[in-house]
Amino acid sequence: MQPSERRQDDQGAERAERAESSKRASASETGASRVDARADVRVDVPKTVRALRAAFDEGRTRPYEWRARQLDGVIALLQEREAEILDALYADVGKPSLEAYAAEVAYTLGEAKLARAKLKGWMKPESVSTSLLAQPGKSKIVREPLGVVLIIGPWNYPFQLVMAPLLGAIAAGNAVVVKPSEVAPRTSALIAKRLPEYVDGDAVRVIEGGVPETTALLAERFDHIFYTGNGAVGRIVMTAAAKHLTPVTLELGGKSPCIVDRDVSLEVAARRIVWGKFYNAGQTCVAPDYVLAHTEIHDRLLDALARTIREFYGDDPQRSPDYGRIVNARHHQRLMRLVGSGEVVLGGEADEVDRYLAPTVLRDVSPDSPIMADEIFGPILPVLKVPSVDAAISFVNERPKPLALYVFSNDARSQEAVIDRTSSGGATINHCWMHLAVHALPFGGVGESGMGAYHGRHSFETFSHRKAVLQKPTAIDPPLLYPPYDATKKKWLRRLL
């Protein structure tokens, strides 16, 4: 018996558990259908936004106590409804339970607990030095909530990518409209049903639906819009926001490159690239989109990638409980058209009914091929040859700035060259997208991969206005600033200005 066969036999119990999860998800789907059936009864979006603004204007969301209660509510939701969340994610995206727990539940819980622990400190006014000209006086930065904000979530991580920005918005004291993705209907329905049970429904509202509801929301005036998704819709969001001069955070995507130098720990690199690429079946905005492999290690890297895929998912990944599915038939068909962009090293098998596409590695891919035009967002990994790290840097810089960039090298000079001479939203050296796991690091794009950032305190800052406050006493009022400006005043003003 081969190791992969033993592994699959050992995982029979987990496959059975997953099947049971699917049954529970089917029951969830019935409930979701009832929710979806209400789509004909349009939500009164203007009325909803007016009610939220009234709640904000009366000061409901500003106190520390209110913010703390909302964070406690989200923590309770995550702890008490974990099974429901995992079932919904499996039904929508076919997420393996551990991947769903780690990326959607555990990560969000970590963000929530951090915000709850640090909230008082984040809200505290920040004292800064006061210039001589403004003396006597005291200067401080007061972080105030922006007002009523809109959060529009995507389908690939449909729970976490709604809840994580929501944590920042409520920690900062805002009223919030949450718009989950209609492409993940079970998760959207769960958020719409459960979130109001744990937070203040007068200040946090969930609006489900598709294009009509989103269009209606974007017609309203918000104080901030937070959108996660693709660049095409990002442009629509930004255009709508411009009508009201509303600031935006756009978490987009792009073709995140993975540079593999010749001086590299090849087996480690292969494991980390395969993990980062095929997590959630490649439907991750920071997944390695393509690999630029040094000519000297190109063939050996391909062999290592193939071995690792078999080690992770067995000889038949469709049977693996650890491998996800494509979100729907339309995306499955789109991805299948890309498989022919190069020579298949491993994978290529597909089952549209099961929304399955095998982990696929391509070689001999032309830079001008269809797969290199746009973000792949699926389990296909093109591997291209480059003669040097410098050539890889040039290749990256000739294209739009990516959301993430990865470099695998044991050479500190190569690492430094890639980080210093390229621009990306974030980067990880010798791993893939682990910079997201560090709550203290901002996560966001640059250029076409987005604008603004969040995670940890950066989420709180995104939804706060940093108001400058100078406090002056009245007991002392030096006449230096006031006319008439005689020679003595001019001399001192020149020294102080």
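This text follows the structure it describes.
Just so you know, these numbers come straight off a predicted model, no measurement behind them. (Residues numbered from 1 in each chain as written. Predicted model: local features only at pLDDT ≥ 70, side-chain atom pairs only at ≥ 80, totals over all residues. Heavy atoms only, no water.)

1. Describing the sheet that holds strand E14 (residues 380-386)
Threshold: Following DSSP output, two strands are said to pair if at least two bridges run between them. Labels follow the DSSP assignment, with helices taken as runs of H or I lasting at least four residues and strands as runs of E lasting at least two, numbered in each case from the N terminus. Helix axes are fitted to C-alpha atoms over the stretch in contact, other axes to C-alpha atoms as well, and angles between N-to-C directions run from 0 to 180 degrees. Whether two residues are in contact is decided by their heavy atoms: any pair within 4.5 Å suffices.
Reading across the sheet, the seven strands line up as E10-E13-E14-E9-E8-E15-E16 and stay open at both edges, with mixed pairing between neighbours. Lying at the two open borders of the sheet, with one neighbouring strand each, are strand E10 (343-346) and strand E16 (426-429). Between one strand and the next, the sheet's axes are offset by a mean angle of 25°, whatever the strand orientation. In this sheet, strand E13 (residues 360-363) lies alongside E10 in antiparallel orientation, the contact comprising three bridges. Considered in E13, the bridge of Leu346 is made with Val361. This element, helix H12 (residues 298-313), spans strand E8 (257-260), strand E9 (290-294), E10, E13 and E14 of the sheet and lies at about 160° to E14. Sitting on the sheet, helix H15 (residues 412-421) is in contact with E8, strand E15 (404-408) and E16, with an inclination near 175° to E16.

2. Some thoughts on the packing of helix H11 (residues 266-278) against H12
We count it as follows: In what follows, roughly perpendicular refers to angles from 65 to 115 degrees, roughly parallel to angles under 35, roughly antiparallel to angles over 145, and oblique to any angle outside these ranges. Crossings are sorted by hand: turned counterclockwise from the far helix by less than a right angle, the near helix makes the crossing left-handed, and turned clockwise it makes it right-handed. All residues other than Ala, Val, Leu, Ile, Met, Phe, Trp, Tyr, Cys, Pro, Asp, Glu, Lys and Arg, Gly among them, are scored as polar; the first ten of these are nonpolar and the last four charged.
Running from amino to carboxyl end, H11 crosses H12 at an angle of 60°, the nearest separation of the two axes being 9 Å. As far as their axial angle goes, H12 and H11 are oblique. For H11 against H12, the interelement crossing comes out right-handed. Residues Leu266, Glu267, Ala270, Arg271, Ile273, Val274, Trp275 and Phe278 of H11 form the contact with H12, whose own contacting residues are Arg300, Leu301, Ala304, Leu305, Arg307, Thr308, Ile309, Phe312 and Tyr313. Among the residues forming the contact of H11 with H12, the class breakdown is 12 nonpolar, one polar and four charged.

3. Considerations on the environment of Gln471
Here Gln471 shows up in strand E20 (residues 464-471). Considered as a pair, Gln471 and Gln135 are 336 residues apart in the sequence and their alpha carbons are 9.8 Å apart. Residues within four places of Gln471 in sequence aside, it is in contact with Gly137 and Lys138.

4. Section: the pattern of salt bridges
Between side chains of opposite charge, a pair can form when the charged atoms approach closely. Keep this limit in mind: Whenever a carboxyl oxygen of Asp or Glu lies within 4 Å of a side-chain nitrogen of Lys or Arg, that contact is scored as a salt bridge. Whether a residue is buried, partly exposed or exposed follows from its accessible area with a 1.4 Å probe, protein chains only, as a fraction of its type maximum: under 20%, in between, or over 50%, in that order.
Evaluation of the coordinates by the stated rule reveals 26 salt bridges. In this structure, Lys95 and Glu104 form a salt bridge, with 3.2 Å as the shortest nitrogen-oxygen distance. By the burial criterion, Lys95 is buried, and Glu104 matches it. Salt-bridge contacts for Glu398 lead to Arg399; the nearest nitrogen and oxygen are separated by 3.4 Å. The exposure class of Glu398 is exposed, given its relative accessible area of 62%.

5. Describing the sheet that holds strand E1 (residues 126-128)
Taken in spatial order, the three strands make up an open sheet running E1-E2-E20, and their pairing is antiparallel. Pairing within the sheet leaves two strands with one partner each, and these edge strands are E1 and E20. Here the average twist between neighbouring strands, direction ignored, is 30°. Relative to E20, strand E2 (residues 138-145) runs antiparallel, the two sharing eight bridges. Paired with Ser139 across the strands is Leu470, a residue of E20.

6. A word on H12
Where we set the bar: Here the expected length of a helix is defined as 1.5 Å per residue gap, with one fewer gap than residues.
End to end, H12 covers 23 Å across 16 residues, agreeing with the expected 22 Å (1.5 Å per residue, within 8%). Buried within H12 we find His298, Leu301, Leu302, Ala304, Leu305, Ala306, Thr308, Ile309 and Tyr313. Downstream of H12 by a residue or two, Gly314 has a phi angle that is positive, lying close to 80°.

7. What to know about unusual backbone geometry
Of the consecutive residues Gln135 and Pro136, the connecting peptide bond is found in the cis state with omega at -10°. Across the junction of Pro483 and Pro484, the peptide omega takes the value 0°, indicating a cis bond. At Phe377, a residue that is not glycine, the phi angle is positive and equals roughly 55°. Within the chain, His455 stands out as a residue other than glycine whose phi angle is a positive 95°. Structurally, His455 is set in the loop between strand E19 (453-454) and helix H16 (457-462).

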